[in-house]
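Geometric and topological summary
Letter by letter, the chains look like this.
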Amino acid sequence: MKKTTFPVVSLPRRAVLRSLLATPIFACVPFAALADEPSKPSRPTKSRDLVVYYTYSRQTERVAKRLAKTLGADLYAVETLESYPSEPKATAERAKEERRLDRLPKIADKRPNLSAYDRVFIGGPTWSGVVSAPLVRYLRETDFRGKTVVSFWTAENSDGVQYRRDFAEQLAAPERKPALLVDENIGFNAVKETTDAELDAKIAEFLPKLSPVPVSPPKIFAP
Ligand SMILES: Cc1cc2nc3c(=O)[nH]c(=O)nc-3n(C[C@H](O)[C@H](O)[C@H](O)COP(=O)(O)O)c2cc1C
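Fair warning: this is a prediction, and the values are worked out from it, not measured in the lab.

**Observations concerning the overall build of the protein**
- Check the secondary structure of the protein and you find 6 helices and 8 strands.
- Walking the protein from its N terminus toward its C terminus, one meets helices and strands in the order α-β-α-β-α-β-β-α-β-α-β-β-α-β.
- Buried residues in the protein amount to 32% of all 223 residues.
- Put simply, of all contacts in the protein between residues at least 6 apart along the chain, 85% involve residues at least 24 apart.

Set out below in structure tokens:
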């Protein structure tokens, strides 16, 4: 299959970092400070991690599933009610219009209640440099107050700068302000050409930078 490359807007790293760090939602607090201590050690430990993803061609799904497995986290796939065209270029055009006109696609309503979670990992493909329209819809419609949000992205070939800025903007709407967005650039380029072992190695590399959480057997929110 012909490999497509996409233009990526590259911004000066320092300027972006400085402005992001000045944004309150980017204040990264130690997760331990947010986690509830179990009142009795004998009580079953609840999973406090959720991995949310949107996928169009199953690459983010691969990453999300491996991430959830490593974390022992629950998994939730954002699904659109209407499918996108099978041709990526047509999908890109449609998604750009949806975002431009703010007519985001409707997504299935079977969503997990976030009250059971402290951390929510949210991943999706990079579409024209930014967050995919279905994931924007999910971000807009979800209340992340009090949660630590960890964003991850997949792309053909991107530095993730534009994606992260867009993600932060979507999350930073006034009603969702107290969400904490962890300032880690967690991205996976060319997932199709990446082995499972390589994905696991990459996951193992960034996870220690985040504080650990207790886990229990995961649930899958099936479509
Ligand atoms: C509509 C569309 C737009 C895309 N735009 C970009 C882009 O701007 N930059 C990039 O590196 N990859 C781009 N890609 C490639 C995807 O981000 C990449 O293949 C991703 O891993 C696919 O994840 P998914 O299979 O979970 O949908 C695009 C793909 C599609 C379908």
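**Digging into the packing of helix H2 (residues 59–71) against helix H6 (residues 196–206)**
- Where H2 contacts H6, the axes come no closer than 10 Å and their chain directions differ by 55°. By the angle between their directions, the pair H2 and H6 is classed as oblique. When the axes of H2 and H6 are compared, the crossing they make is right-handed. Across the interface between the two elements, Arg-62, Val-63, Arg-66, Leu-67 and Thr-70 of H2 pack against Asp-196, Leu-199, Asp-200 and Ile-203 of H6.

**Some words on the pairing of strand S3 (residues 119–127)**
- When you tally the buried positions in S3, you get 9 out of 9 residues, the bulk of the element.
- Where strand S1 (residues 49–53) meets S3, 5 bridges bridge the pair, whose relative direction is parallel. Across the sheet, the residue bridging to Val-52 is Ile-122, located in S3.
- Here 7 bridges tie S3 to strand S5 (residues 148–155), and the two strands are oriented parallel to one another. Bridge pairing in S5 places Gly-123 opposite Phe-152.
- Looking at chain direction, S3 and strand S4 (residues 130–131) are connected through 2 bridges and run antiparallel. Of the residues in S4, the one forming a bridge with Thr-126 is Val-131.

**Looking at unusual backbone geometry**
- A positive phi angle, near 50°, is found at Ser-128, a position not held by glycine.
- The backbone phi angle of Ala-190 is positive, close to 45°, even though this residue is not glycine.
- Checked against the element boundaries, Ala-190 lands in the loop between strand S7 (186–189) and H6.
- Judged by local crowding, Ala-190 falls into the exposed class, with 12 C-beta atoms found within 10 Å.

**Observations regarding the pairing of S5**
- Counting buried positions along S5 gives 8 out of 8 residues, so the element sits mostly inside the fold.
- Burial along S5 is two-sided: Thr-148, Val-150, Phe-152 and Thr-154 and Val-149, Ser-151, Trp-153 and Ala-155, pointing in opposite directions, are all buried.
- As paired strands, S5 and S7 are joined by 4 bridges and run parallel to one another. Paired with Thr-154 across the bridge in S7 is Phe-188.

**Details of the nonpolar core**
- The biggest cluster of nonpolar side chains holds 45 residues, and the ones touching the most others in it are Val-51, Val-52, Val-78, Val-120, Phe-121 and Val-149.
- Those residues in contact with Val-120 that lie beyond four places of it in its chain are Leu-50, Val-52, Leu-114, Phe-144, Lys-147 and Val-149.

**Quick notes on helix H4 (residues 133–141)**
- Burial analysis of H4 places 7 of its 9 residues in the buried class, which makes it a mostly covered element.
- Buried within H4 are the following residues: Ala-133, Pro-134, Leu-135, Val-136, Arg-137, Tyr-138 and Leu-139.
- Among the structural elements, S1, helix H3 (88–100), S3, S4 and helix H5 (161–171) are those in contact with the buried residues of H4.

**Side note on the confidence of the model for the protein**
- On average, residues of the protein score 80 in pLDDT, and 70% of them are at 70 or above.
- Note that pLDDT drops below 50 for residues 1–44; the model gives that stretch 53 contacts with residues more than four away or on any other chain.

**Topic: the environment of Thr-70**
- Structurally, the position occupied by Thr-70 is in helix H2.
- Excluding its chain neighbours within four sequence positions, the residues that come into contact with Thr-70 are Ile-203 and Leu-207.

**Description of the environment of Ala-168**
- Summarising the element assignment, Ala-168 is placed in helix H5.
- Accessibility expressed as a C-beta count within 10 Å gives 19 for Ala-168, which makes it partly exposed.
- Here the alpha-carbon distance between Ala-168 and Val-182, two residues 14 residues apart in the chain, equals 10.0 Å.

Analysis parameters
- Within every chain, residues take consecutive numbers counted from 1 along the sequence as written.
- pLDDT decides what is reported in this predicted model: residues at 70 or higher carry local features, side-chain atom pairs at 80 or more are listed and counted, and totals for whole chains, interfaces and linings draw on all residues regardless.
- Working definition: helices are DSSP H or I runs of at least four residues, strands are E runs of at least two. Numbering for both runs from the N terminus.
- Residue burial here comes from a neighbour count, namely the number of other C-beta atoms, placed from the backbone, that lie within 10 Å of the residue's own C-beta, with 20 or more meaning buried, 12 or fewer meaning exposed, and in between meaning partly exposed.
- Note that contacts rest on C-beta atoms placed from the backbone: two residues are in contact if these are within 7 Å.
- For every element, the axis is a line fit to its C-alpha atoms; helices are fit only across the contacting stretch, and the angle between N-to-C directions ranges from 0 to 180 degrees.
- Here is the rule for angles: anything less than 35 degrees is roughly parallel, anything more than 145 is roughly antiparallel, 65 through 115 is roughly perpendicular, and the remaining ranges are oblique.
- Helix crossings are classified by the rotation of the near helix relative to the far one: an anticlockwise turn of less than a right angle makes the crossing left-handed, while a clockwise turn makes it right-handed.
- By this definition, two strands are paired if DSSP reports at least two bridges between them.
- To form a nonpolar core, buried Ala, Val, Leu, Ile, Met, Phe, Trp, Tyr and Cys residues must be joined through C-beta atoms within 7 Å.
- Each residue carries a pLDDT score, the predictor's own confidence in it, on a scale running from 0 to 100.

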